[in-house]
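# Tertiary structure, described
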Amino acid sequence: MTLNLPPEFDASRHSAGLPAMAKKLTDTDGWVVLAIEGRTATLVRREAVDQVEESAPSSGRKGLKVKLAGGTKPSDGDKVATTYADLYPGSYMVKFEPHLGYALLAEMTEDEVRARGQLALAMRCKPWEIQVDTRSDGGYIARLPSYVPSKHDKPLTEAVEQIGKFGWYFTVNTKTLVAQIIPSEPATFPEMIPLDTSRLGHGDCNVTPFGMALPAPGEKIGDTVAVNWGVAHAMLMGGLPGSGKMCIDSTPVPVEPSAKHPNGWATHGELTPGMRVFGVDGRPVTVAKVHPARTVPVAVVRFVDGQSVTVGMDHYWTVRDMRSSRPRCGGGSVLPADRCDDLATMAHRYLGWRGYPDMIAQYVDAPAAAISAFLVRSGIPRGEDGTYPIDEAIAAWSLHRRRYGENESPTLGVRSTAELMASLGKSDWAVPASGAVRYTDTDVDLPLDPYLLGAWLALDGDYPNGGPTFNECARATLTDATGGRPLTAVVNEAGLLGVRTIPSAYLTASIDQRLELVRGLMDYAGRTAMLGRCHLRPTSAAGKAATLIRSLGMLVQTTAYGAMIFEATMDVYRRRDLAETHARYAPLVNSLARAIDPSTAGSGAWNRIESITAAGRATARCIEVDDPRHLYLIGDFIPTHNTVTVNAILADLLSNGSEIVVVDTLDKSVDFFWLKPYVRDGGWGGGSLEASVTALGLVYEEAKRRAAFLGENGYKNWMDIPKGDRFAPITVVIDEISALMVPDKIPAGIDKKAPDVQQMLATNMLKFRLSRVMDQLIAEMRFVGVRMLLSSQVTNTNTGVALSTKAKVGHRGLQGLNPSKTARGQAFDDERAVPEVPDNVKEDPNENVSRGVGVCHLSTMTPVVYKSFFISDSDLVAALERLNLRKTTRPEPTPEEIARFVTPEFDEDQGDSGSAETFGGDRPPSGKPLDPKFGPTTVYSDDGQPLRGAAAAAAASKQAAALCHSCGKPIKPNGDCGCS
């Protein structure tokens with residue numbers, strides 16, 4: 001019944017008397033207040049509730065059927081549910097039928113009520129519209145009012161996690177709308193997913209598996225993730241350097257001086273995005289991202305120069321095995337001992353001589369390309385004029401050829417701290433020394449000439465009148481530097497009379513100023529020691545002097561009594577007598593020393609690891625740097641690494657019939673050395689930029705030949721050819737795209753005729769040619785069986801892949817655990833559709849679980865989180881050897897091929913028909929010459945069909961455009977663009 005309440009009615013004082021008022025009006029008992037709204041109160045009789053046999057859905061429990069008051073509306077449901085929950089504790093409304101005049105109540109536990117409430121929020125409905133019961137083995141059964149996966153899956157997933165915990169999942173029967181909410185641990189990956197070598201040679205070259213998807217909830221094994229090359233012929237795999245590059249927070253890092261870090265040093269834990277650290281070449285690089293701190297197992301890595309750093313066991317290093325005593329080539333490739341002895345003798349005949357690589361190649365009777373690559377790999381110092389010390393080169397080549405083939409080198413690659421620790425007894429690992437750190441490109445204002453400060457510190461404030469090291473030449477040099485004034489007076493005038501160490505301002509000055517400081521120290525406290533090394537006696541500035549010398553790219557060892565020994569890569573003497581002595585003895589001693597001890601190769605360019613010791617656990621974090629080489633300096637200028645491989649894809653493709661071409665930078669090509677014996681002839685483009693251009697040009701040349709064959713025989717696609725006569729597909733892997741294709745920026749206003757600038761322009765032109773051929777292979781050559789596998793660890797807009805080209809790449813992947821939203825947006829067309837790596841995988845205390853994990857969106861497939869298959873290089877090589885696959889007779893392009901593709905020549909008298917065959921667009925697949933104004937007269941679509949009209953014009957204009965990938969402006973014939 002409904003009662004109208006007087007104005008003076010106070011619910012807190014008067015509501016208890018309403019049932020008595022109702023009894024008085026009706027002369028019946030059992031009235032209870034249902035609701036009070038404004039001046040109206042609604043009451044019902046308890047006797048209207050009847051015990052019934054009807055039960056709550058999906059349970060065997062009896063329920064209560066209650067008669068609703070007349071005039072109850074659908075909007076009264078919340079009030080009715082609350083009233084009866086208060087009247088009958090433990091019973092809750094599970095059905096509300098206002099038009100039929102009744103509601104159902106059922107007993108429910110608190111957990112069931114909470115679960116029902118969460119589901120109702122997710123479904124955006126009333127709680128009584130969902131019936132919930134407890135499952136016998138845990139979790140809940142729920143009947144939903146409706147279910148549309150695209151609309152409800154995400155909110156239901158969140159609701160289920162609130163009901164239980166992360167890892168619980170649900171299933172829904174779309175016919176009955178009954179949902180099962182099932183307790184489970186979060187889906188995760190095993191520590192390692194081994195590559196199934198039994199598939200090698202027995203699979204399908206058009207479908208390439210490379211990993212396992214994150215298992216479905218409640219499952220242990222996920223679906224296989226595979227690339228379908230028939231759907232899309234190109235794949236872009238981006239990599240994030242944030243996984244496995246752990247430095248502890250207290251690690252010192254050289255940074256650009258600032259108000260916060262005026263002395264040029266910060267700790268690793270202080271690094272933030274936007275700060276500038278230094279790359280391995282000494283140039284500043286920007287911190288792109290800092291990943292969350294984690295507590296991880298760590299180790300102390302000690303180097304022979306006395307330095308030590310503490311890093312994560314999963315931290316990666318770019319290293320070289322200085323021992324490499326086991327030959328990795330056929331016996332015929334190793335030179336006989338007597339021939340090596342002859343070469344060693346020849347080295348003595350050319351002491352002090354310098355020459356170009358082709359000259360050295362003639363002396364040792366080896367291909368010029370092999371010698372050029374060896375000189376770079378071995379780290380032998382290269383002069384500014386491009387020459388090398390002939391004696392040192394021949395001696396090193398002799399030692400090398402006792403154990404290796406002409407195209408091989410000691411192991412160089414990327415290893416984790418744990419891997420280095422496990423193999424340190426078998427291998428002699430070393431990291432590269434850094435280049436001279438460029439704190440500034442211009443001299444800074446200093447209170448005292450750096451040379452004079454070095455002399456003052458070398459003399460420890462003493463001005464001797466004589467002595468064996470303070471001869472007339474020393475006096476004359478110092479007098480010239482001070483302008484004839486006493487050194488003490490000059491130092492006193494600068495306010496540095498009491499200084500006995502190197503001020504911070506001098507340690508972060510220009511390279512020239514720091515070198516002058518070293519010269520001051522060496523002129524009055526140094527000499528040339530045994531094996532061509534420089535020796536600096538102990539001084540009060542010894543500690544800072546070691547940091548100073550290391551900042552110039554030279555390795556320093558400190559003796560037990562405080563002296564410093566280093567190999568000079570710069571002219572470290574101003575005194576004529578010391579400089580002459582060093583020039584006379586250092587070349588001879590250095591050449592012999594390096595021949596005896598390979599660890600000294602490269603002008604001290606390799607810092608050997610002395611020991612690695614486990615050191616418990618510590619807080620560490622990763623950073624990403626905006627540099628294609630992913631290297632930055634820590635400690636006293638020790639390079640550390642920021643990488644991802646595609647070995648599983650390439651191994652499967654190779655074993656199942658695909659030809660392979662590798663295009664990579666010299667330092668990173670070591671990741672694919674296992675593949676080198678199996679590439680197609682001339683398909684190893686990892687030796688130089690010229691070799692990369694040529695290897696890719698040879699592929700384009702072969703693609704045009706195939707296109708002509710298809711046209712002549714009436715085929716539209718290579719898959720139309722009968723299987724026995726079909727071409728073998730060609731897979732081109734282009735690694736480190738940024739380093740290979742992003743042009744070097746040329747400062748504005750610089751003399752374009754300067755030799756260094758001319759070299760940069762020539763390099764940029766090679767990079768442009770390489771990117772143009774890549775673009776055309778992706779755009780034009782799908783129908784002839786060319787596949788492209790692009791890999792880059794720089795996931796920004798300037799990766800060297802044009803946006804128009806990226807749009808044609810159907811398969812996308814992104815390695816790494818914590819990509820930013822920006823990185824995901826640049827890797828995928830719609831990053832919102834791509835799942836993120838779940839927290840339980842990222843934060844698993846067993847770091848092996850998260851290794852090799854990433855996300856991918858393969859064409860026509862649902863995006864997934866995946867973990868790559870793994871196999872060690874040695875096991876992979878053994879598996880391929882068992883298959884007896886064809887091996888190449890010449891992996892590198894020949895000098896003639898390089899000359900043809902890198903420096904094409906044209907005969908003007910022959911016209912178009914006589915033009916030399918070149919790469920990338922001088923002739924389209926049809927073989928018709930390019931119109932000099934409008935591009936190819938016939939343009940082809942992705943499937944090989946000729947285009948006409950507007951479509952042909954649009955495609956031809958894209959092919960003809962020679963745009964810089966960095967600034968987007970046309971590249972002129974001289975190499976200039978908007979960057980310069």
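Preceding this paragraph is the structure being described.
Below you will find a few notes about this structure. (Residues numbered from 1 in each chain as written. Predicted model: local features only at pLDDT ≥ 70, side-chain atom pairs only at ≥ 80, totals over all residues. Heavy atoms only, no water.)

## Overview of the pattern of salt bridges
We count it as follows: Salt bridge, as applied in this entry: a Lys or Arg side-chain nitrogen positioned within 4 Å of an Asp or Glu carboxyl oxygen. Secondary structure follows DSSP: runs of H or I at least 4 residues long count as helices, runs of E at least 2 residues long count as strands, and numbering of each begins at the N terminus. To sort residues, take the accessible area from a 1.4 Å probe on protein chains only and compare it with the maximum for the residue type: under 20% means buried, over 50% means exposed, and anything in between is partly exposed.
Applying the stated rule across the entire model yields 25 salt bridges. The partner of Glu 702 in a salt bridge is Arg 706, and the shortest N-O contact between them spans 3.0 Å. Taken as a pair, Glu 702 and Arg 706 lie in helix α19 (residues 689-713) at a separation of four residues, close to a single helical turn. For Glu 702, a relative accessible area of 13% gives the class buried. Of the charged contacts in the structure, one is a salt bridge between Asp 839 and Lys 842, with a shortest N-O distance of 3.5 Å. Of this pair, Asp 839 and Lys 842 are both found in helix α24 (residues 839-842), three residues apart, which corresponds to roughly one turn of the helix. Of the residues examined, Asp 839 reaches a relative accessible area of 44% and is grouped as partly exposed. Members of the salt-bridge network, linked through shared partners, are Lys 73, Asp 76 and Lys 79.

## Re the packing of aromatic side chains
For clarity, the cut-off: The rule is short: rings of Phe, Tyr and Trp, with Trp giving its six-membered ring, pair when the centres are within 6.5 Å, and they are stacked under 30 degrees, edge-to-face over 60, tilted in between.
Per the stated rule, a full pass over the model turns up six aromatic pairs. Taking 6.0 Å as the distance between ring centres and 70° as the angle between the ring planes, the aromatic pair formed by Phe 96 and Trp 128 counts as edge-to-face. You can see Phe 96 sitting in strand β6 (residues 91-97) and its partner Trp 128 sitting in the loop between α4 (110-123) and β8 (131-134), a full 32 residues away along the chain. Considered together, Phe 96 and Trp 128 belong to a single accessibility category, that of buried residues. The interplanar angle of 75° and the centroid separation of 5.1 Å between the aromatic rings of Phe 278 and Tyr 439 together place this pair among those described as edge-to-face. Highlighted residues: Phe 278 in strand β18 (residues 276-278) and Tyr 439 in the loop between β26 (429-432) and α11 (450-458), separated in sequence by 161 residues. One exposure class covers both Phe 278 and Tyr 439, and it is buried.

## Focus on the pairing of strand β40 (residues 853-857)
To keep it simple, the criterion reads: Any two strands are treated as partners once DSSP identifies two or more bridges connecting them.
The element β40 is largely enclosed, with a buried count of four among its five residues. By the bridge criterion, four bridges tie strand β39 (residues 811-815) to β40 in an arrangement that is antiparallel. Each residue of the ladder has a partner; that of Gly 813, found in β40, is Cys 856. Sheet analysis places β40 next to strand β41 (residues 864-868), joined by four bridges and oriented antiparallel. Directly across from Cys 856, in β41, lies its bridge partner Val 864. Following β40, the chain reverses through six residues before pairing antiparallel with β41; Thr 860 in that reversal takes a positive phi of roughly 70°.

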